[in-house]
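Residues per chain are reported as follows:
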Amino acid sequence: LFYIVLKMRRLGVLVAVLLLAATPVLGYFERGEESPYQAIADYHSPIIFIPGIMGSTLVDNAGWETWPGYLQMDRSALRLNDDGKTQFNKGSKITPTVPIRSKYGSGIYKSFYEFMDKGPYTFRGKSGKFGWMGKAYFDHAYDFRLDNNVQIEGPGVEKTLKEDIDEILKKTHSDKVIILAHSMGGYQARMFAAKYPDKVRAVVFLSSPHRGAPKVF
């Protein structure tokens, strides 16, 4: 876990370089009645970030954080049955909420979010015909305990990657997204792009195990 944290802390600079070199993804918005901001630029392509394994916060039925939680906590609530799908503890439900920005004094994806929040993807006023510039990046948290194959469309997943992307496209009035994926998130990005190429503008991989990770075992 410490090794993974060290690798993640270096993502900020790399992400900045990759995004600056990518196809323009700036999204301009204007105020509307149904939504605070409406996308109106023809070339708008929102970014969706998919974290790596263990990079999403998980909570239980009561809303208590079961992952990452604190260092020596009891994580038995995360146990699955041998089928790798159902909860070992009957009645227990684990839900992914948001990617982990920082934990245990280390910035996991903190530098990435700081760059995106302060960069050209945040809400701020702008003069000219576009009126307002709005948020053009989003993220997708997922239950990393489950099979990657079900993360795309289910079944048995709280919110699939397809559902998140479809919501983003509708919200931003866009036809395609740019997927920025770290580690195992890149595996999901590949599967989604292969199945729905018409919804993907580009994919940026960060340390994704395209040929598997046998050393882990």
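What counts, and where the lines are drawn
- Residues numbered from 1 in each chain as written.
- Predicted model: local features only at pLDDT ≥ 70, side-chain atom pairs only at ≥ 80, totals over all residues.
- Heavy atoms only, no water.
- Helix = DSSP H or I, 4+ residues; strand = E, 2+ residues; numbered from the N terminus.
- Buried < 20%, exposed > 50% of the residue type's maximum accessible area, 1.4 Å probe, protein only.
- Contact = heavy atoms within 4.5 Å.
- Areas by Shrake-Rupley, 256 points an atom, 1.4 Å probe, with all protein chains shown as cover.
- Pairing = 2+ DSSP bridges.
- Axes fitted to C-alpha atoms, helices over the stretch in contact; angles between N-to-C directions.
- pLDDT = per-residue confidence, 0-100.
- Core = buried A, V, L, I, M, F, W, Y, C linked by side-chain atoms within 4.5 Å.
- Right-handed = clockwise from strand over helix to strand, strands pointing away.

A. Representation of the overall build of the protein. A tally of helices and strands in the protein yields six helices and 13 strands. By residue count, 45% of the 217 residues in the protein fall in the buried class. In the protein, of all internal contacts separated by at least 6 residues, the share reaching a separation of at least 24 is 65%. Accessible surface for the protein amounts to roughly 12,300 Å². Of this, 54% is attributable to carbon and sulfur atoms.

B. The sheet that holds strand β3 (residues 47-50), seen in detail. Here we have four strands laid out as an open sheet, ordered β11-β3-β12-β13, and parallel in their pairing. Both outer strands of the open sheet, β11 (137-139) and β13 (200-206), are each paired with one neighbouring strand and no more. Neighbouring strand axes in the sheet, compared pairwise and without regard to direction, differ in orientation by 20° on average. Packed on one face of the sheet, helix α3 (residues 110-118) meets β3, β11 and β12 (177-182) and runs near 150° to β11. The strands touched by helix α5 (residues 161-172) are β3, β11 and β12; relative to β3, the strand with the most contacts, the crossing angle is about 160°.

C. Region of the structure containing the confidence of the model for the protein. Model confidence for the protein is summarised by a mean pLDDT of 77, while 70% of its residues fall at 70 or above. Looking at the elements of the protein, mean pLDDT is at its lowest for strand β9 (residues 124-125), recorded as 38, and at its highest for strand β4 (residues 56-59), recorded as 95. Within the model, pLDDT remains below 50 along residues 1-8, and this stretch shows 11 contacts once partners closer than five positions in the same chain are excluded.

D. Quick look at the nonpolar core. Ranked by internal contacts, the top residues of the largest apolar core, which has 36 residues, are Ile 165, Ile 179 and Phe 192. Among the elements that line this core, the one with the most residues is β12, at five residues. The contacts of Phe 192, once residues within four sequence positions are left out, are Ile 152, Leu 161, Lys 162, Ile 165, Ile 179, Lys 199 and Val 200.

E. The arrangement of the pairing of β12 in detail. Most of β12 is tucked away: six of the six residues are buried. Summarising the sheet, β3 and β12 pair through four bridges and their orientation is parallel. Considered in β12, the bridge of Ile 48 is made with Ile 179. Sheet topology places β12 next to β13; six bridges connect them, and they run parallel. The residue of β13 that forms the bridge with Ala 181 is Phe 205. As for the winding sense of the linkage, the β-α-β connection from β12 through helix α6 (residues 184-195) to β13 is right-handed.

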